[in-house]
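Results of the structural survey
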Amino acid sequence: MSTIVCTFISRGAPGLSGSQGQDILLFTPVDLRQRPHGSDARDMTEVLLLRVGGPNSTPGAPSDPLLASQWSLLNQLFLDPKKDLKLVRRGKKIPWGNGCKVEAFLWRTVDSYERGYSEEYEIMEAYKEQRVPLPDPASDPATREADLEHFRTVESKLGPDTHIWESFAYFDDPKVMPEEVVSTAFFSVVLPPSLDATLTDLAEAPLSAEDVAVVALDELYAIISNHYPRHSFKFWPPGHPPAGPKTLKIPDNVLKWRVFSYLLDVVAHFLVNVKPAHATIISSVFLRILGPIQPSVTNTAVSIVAFEKEACHQIAREKARGKTALSLVAKAALATILERPAPSSRDEAALATWKKKRPLLHLVTLGFTPATSCVLGELILYLLTFSSHPYSSLVPGAITMSKQQEREFLNRPDHLKITIAESRPGCEGVDLARRAHEVAQEGSRKAKALRDLSRPYQHGSLRSPGDSGGAYGTLNELLARAEDDVASNGATKVSINVIPDGALPSTILAAGAEVIVLVGAERLLPNGADVVAKIGALSASWAANSIKARVLVLATSDSIESSGSKTPDMPTGGAKALVGAWKTASAANYAGLEDFVKQVLDKKDDSVGATYPESEIVPAKFISAWITEAGVLNAGGIGQLSKERSEAEASLFGAL
């Protein structure tokens, strides 16, 4: 199968290095520059086009598409892809008929060139206005001189009269880019400005996969609402050109194919791959949105307007489902955490303890995931509000309790102790502790409000007969004190403690078998339901398993990978995050570390460095249960959901 490789070059404003830029390069290839009569504007093109991997491959071009793109830059424009340019975006391979696919690459000029361009522009403007150029105050003279030299070198390679830069908007007119394959390739890597900005933000922001999914849903809704997909793939599928004088209207089925293809092959492709660690959850989001609307693509009874409206409805449903999923995880987790299985009747000591009220519930966790935060928040609110109401059905003496209510009262702890590891260097665990503490404070206020609401009815300005009081105070005052005593005796004390990461195993071992370890999962692997989680989860799970304590994994089903997925490589953090922590931890003697820090941050010095694994794999043998919105599952249940996801992916991604 051959691949048509399309290479585009962009530039942008300095400082926006992660984005696609604003301008596209139109150039004259080197072979046309050398013609006897010279070159003119008609020779200029916006793409380096070649074919690899088939019988009509471009002579001399490597068979690998990326290497072929680099080869074309060097041979046709004399540009060094390692020094003059950087790869911003690699498009998905799009089928183009006859066993051929199209793959696009978007390269952008490096920061040095773009800063040099700004310097050159300022020099020219100053010359026109007859003033002294104003240098960039953030750069030193040597750097400005090097940037200016780099800019002029690249411009000389492109030729003074053989290239121009045009805005991306220049290509919105189909007549400007009439070639079907080039137009499709261009819009597969040059994205709407909002999507380009979103991808840049998501790549840099320390967000959870669930947060990224919410951002992706908002962006997808905006793209469809603005009808951007209709006008992007103007020639897809091949053979259906855009509307013109002879064809005033494109059939709705063709438009639906273009919209669906753009959402699947462009929007979903880039959002899913913005971060490997988030790919599983984001891919699941698109499965739930694009899967249900896929049959409407070929249904002639569904108009393009109805199709886009259906897509927007699916996005809204998915956003609501995500919120509901976390609530269901919390509900299942609370029941599992508070449950105390009855011991054997032969163990009289254990049975006697089981029949008594639970004195302590000790939870240990680390990192931050929305599922963990939601579970802790719901647990704290439940223990502080509902169960502390003086007339609650779970307060002994209020009413006669059933066996189930009595068991629920006994399982409710007198003291909820939550231990959270810092999770350096990002200290996500500290943020989790802060949120849990805020919930505890708010829960205490709600508990008091509930007790206040339970006071006898007040009659406005009417005086109650017992308002004058006596030796023992008024009746209302006596009742209020009694209610407070009942509530305080039945209320759960909540304490939150933050510990260093290295103290996790020893803390769990010291707590004993009654401790419960909560692991917020980033991904659930299909090979036996192993779990990818924050670094430190493995040692915590091992310690709990060694003393027969429970390890509960918290995750939504979106994080379950499809069957057949390979074990992922664990992401590694760079030195900057670690060094930032050193400055705080070693503030007293940091001055003596400055030279060492410079060496650590120097990428050219390989004698010393600093890295850290962000995540690790926890084997399923250490895990007691996997709690999702589908319920409390075992490894077999995770495997079944993984298989179902695999079938859904095969149906959707094999659609085109």
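What you are looking at is a predicted structure, and each value in this text was computed from that prediction instead of being measured.

It is at 7 Å that the axes of helix α3 (residues 111-128) and helix α4 (residues 141-158) come closest, and there the two elements cross at 95°. Compared by their axis directions, α3 and α4 come out roughly perpendicular. For the pair α3 and α4, contact is made by Ser112, Tyr113, Arg115, Gly116, Tyr117, Glu119, Glu120 and Ile123 and by Thr143, Arg144, Ala146, Asp147, Leu148, His150, Phe151, Arg152, Val154 and Glu155, respectively. Tallied by class, residues from the contact of α3 with α4 come to 7 nonpolar, 4 polar and 7 charged.

The subject of this paragraph is unusual backbone geometry. The residue after Arg424, namely Pro425, is reached through a cis peptide bond having omega 0°. Phi is positive for Cys427, close to 55°, though the residue is something other than glycine. Within the secondary structure, Cys427 sits in the loop between β9 (415-421) and α15 (428-453). At Lys548, a position not held by glycine, the phi torsion is positive, near 60°. Along the chain, the position of Lys548 falls in the loop between α18 (537-546) and β13 (550-554).

Below, the discussion takes up helix α6 (residues 193-204). Here α6 is 12 residues long and its end C-alpha atoms lie 17 Å apart, about the 16 Å a rise of 1.5 Å per residue gives. Buried within α6 we find Leu195, Asp196, Thr198, Leu199, Thr200 and Leu202. Next to the buried residues of α6 lie β4 (85-90), α7 (209-225) and α9 (252-272).

Counted according to the given criterion, the structure contains 10 aromatic pairs. Seen from their ring centres, Phe171 and Phe186 are 5.1 Å apart, and the 50° between their planes marks the pair as tilted. Taken together, the positions of Phe171 in the loop between β7 (163-167) and α5 (180-189) and Phe186 in helix α5 put the pair 15 residues apart, joining distant regions of the chain. For Phe186, a relative accessible area of 1% corresponds to the buried category. When the centroid spacing of 5.9 Å and the interplanar angle of 50° are considered together, the rings of Tyr228 and Tyr262 count as tilted. Residue Tyr228 is found in helix α8 (residues 228-232), and its partner Tyr262 is found in helix α9; the two are separated by 34 residues along the sequence. Classification of Tyr262 as buried rests on a relative accessible area of 0%.

This part takes up the nonpolar core. Nonpolar side chains tend toward joint burial in soluble globular proteins. Within the largest apolar cluster, 67 residues are counted, with the highest numbers of intra-cluster contacts made by Phe8, Val267, Leu271, Phe286 and Leu290. Broken down by element, this core gets its largest block of residues, 13 residues, from α9. Not counting residues within four places of it along the chain, the set of residues in contact with Val267 comprises Leu195, Leu220, Ile223, Tyr262 and Phe286. Listed in part, the 32 residues of the second largest apolar core include Ile337, Ile418, Ile420 and Ala433.

Conventions adopted
- Counting starts from 1 at the beginning of each chain's written sequence and moves along it residue by residue.
- Residue-level local features of this predicted model are given only where pLDDT is at least 70; pairs of side-chain atoms are given and counted only at 80 or more, and the full residue set underlies all totals for whole chains, interfaces and linings.
- Note: side-chain values were computed over all heavy atoms of the structure, leaving out hydrogens and water.
- Note on geometry: axes are C-alpha line fits, over the in-contact stretch for helices, and angles between N-to-C directions span 0 to 180 degrees.
- For helices the rule is a DSSP run of H or I covering at least 4 residues; for strands it is a run of E covering at least 2, with both sets numbered from the N terminus onward.
- What sets the label is the angle itself: under 35 degrees gives roughly parallel, over 145 gives roughly antiparallel, 65 to 115 gives roughly perpendicular, and the rest give oblique.
- The contact definition used throughout considers only heavy atoms, calling two residues in contact when any of these lie within 4.5 Å.
- In this classification, Asp, Glu, Lys and Arg are treated as charged, Ala, Val, Leu, Ile, Met, Phe, Trp, Tyr, Cys and Pro as nonpolar, and every other residue, Gly included, as polar.
- Helices are assigned an expected span. That span is 1.5 Å times one less than the residue count.
- Exposure categories follow from relative accessible area, calculated using a 1.4 Å probe and restricted to protein chains: below 20% of the type maximum is buried, above 50% is exposed, and the middle band is partly exposed.
- Each Phe, Tyr or Trp ring, with Trp reduced to its six-membered ring, pairs with another whose centre is within 6.5 Å; inter-plane angles below 30 degrees give stacked pairs, above 60 give edge-to-face pairs, and intermediate values give tilted ones.
- What is meant by a nonpolar core is a set of buried Ala, Val, Leu, Ile, Met, Phe, Trp, Tyr and Cys residues, joined one to another through side-chain atoms within 4.5 Å.

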